[in-house]
Amino acid sequence: MEFIIVPPFEQRAVVMAAKERFENYLGNRFPGYRFKVGPFAPVGDEEEFSVLPLMNFVGDDGQSYMCAPPHRWLMQEIAHSCREFSQAKDRLVLVQ
């Protein structure tokens, strides 16, 4: 399953600057899942990370299939990990 992560409006520039590192961080925290950082979009809370699961995929036979929805606890863990990354990034910027 793949997730689109939309950063809070105020953090979009910082997150986009660290996009590759952020996506790798999430991929390492949640093996078996893929993550892409998306641009700011009018979804969710402007002050929190939005975690949007991509629920469909195209199979080897060319047909479109729907995934089972992810568990709520998984979505919360991903959002929590996004906040942790963001807070660690803030500390790194302050130290430099």
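Just so it is clear, the structure is predicted and the values come from calculations on it, not from any experiment.

Q: Before we go on, may I ask you to explain the overall build of the protein chain in this structure?
A: What the protein chain contains, in helices and strands, is three helices and five strands. Each helix and strand of the protein chain, placed in order from N terminus to C terminus, yields the pattern β-α-α-β-β-β-β-α. Across the 96 residues in the protein chain, those meeting the buried criterion constitute 31%. Of the contacts made within the protein chain by residues no fewer than 6 positions apart, 72% connect residues no fewer than 24 positions apart.

Q: Mind showing me how you'd approach the pairing of strand E2 (residues 34-37) here?
A: Consecutive side chains along a regular strand alternate between the two faces of the sheet. Burial of E2 is one-sided: the residues Phe-35 and Val-37 facing one way are buried, the residues Arg-34 and Lys-36 facing the other way are not. Bridge analysis of strand E1 (residues 2-6) against E2 gives four bridges, and the strand direction is parallel. Counted as the bridge partner of Ile-4 is Lys-36 from E2.

Q: What exactly am I supposed to notice about the confidence of the model for the protein chain here?
A: In regions of low pLDDT, the predicted coordinates are not meant to be interpreted in detail. Per-residue pLDDT for the protein chain averages 84, and the proportion of residues at 70 or more is 84%. Taken as a whole, residues 91-96 scores under 50 in pLDDT and shows one contact with residues more than four places along the chain or in a different chain.

Q: Would you explain the pattern of salt bridges in this entry?
A: Two side chains bearing opposite charge may form a pair once their charged atoms approach each other closely. In this structure the tally under the stated criterion is four salt bridges. Between Glu-2 and Lys-36 there is a salt bridge; the shortest N-O distance is 3.5 Å. Here Glu-2, found in strand E1, pairs with Lys-36, found in strand E2; they are 34 residues apart in sequence, far enough to count as distant. Residues joined in a network through salt bridges with shared partners are Glu-2, Arg-34 and Lys-36.

Calculation criteria
Residues numbered from 1 in each chain as written. Predicted model: local features only at pLDDT ≥ 70, side-chain atom pairs only at ≥ 80, totals over all residues. Heavy atoms only, no water. Helix = DSSP H or I, 4+ residues; strand = E, 2+ residues; numbered from the N terminus. Buried < 20%, exposed > 50% of the residue type's maximum accessible area, 1.4 Å probe, protein only. Contact = heavy atoms within 4.5 Å. Pairing = 2+ DSSP bridges. pLDDT = per-residue confidence, 0-100. Salt bridge = Lys/Arg side-chain N within 4 Å of Asp/Glu carboxyl O.

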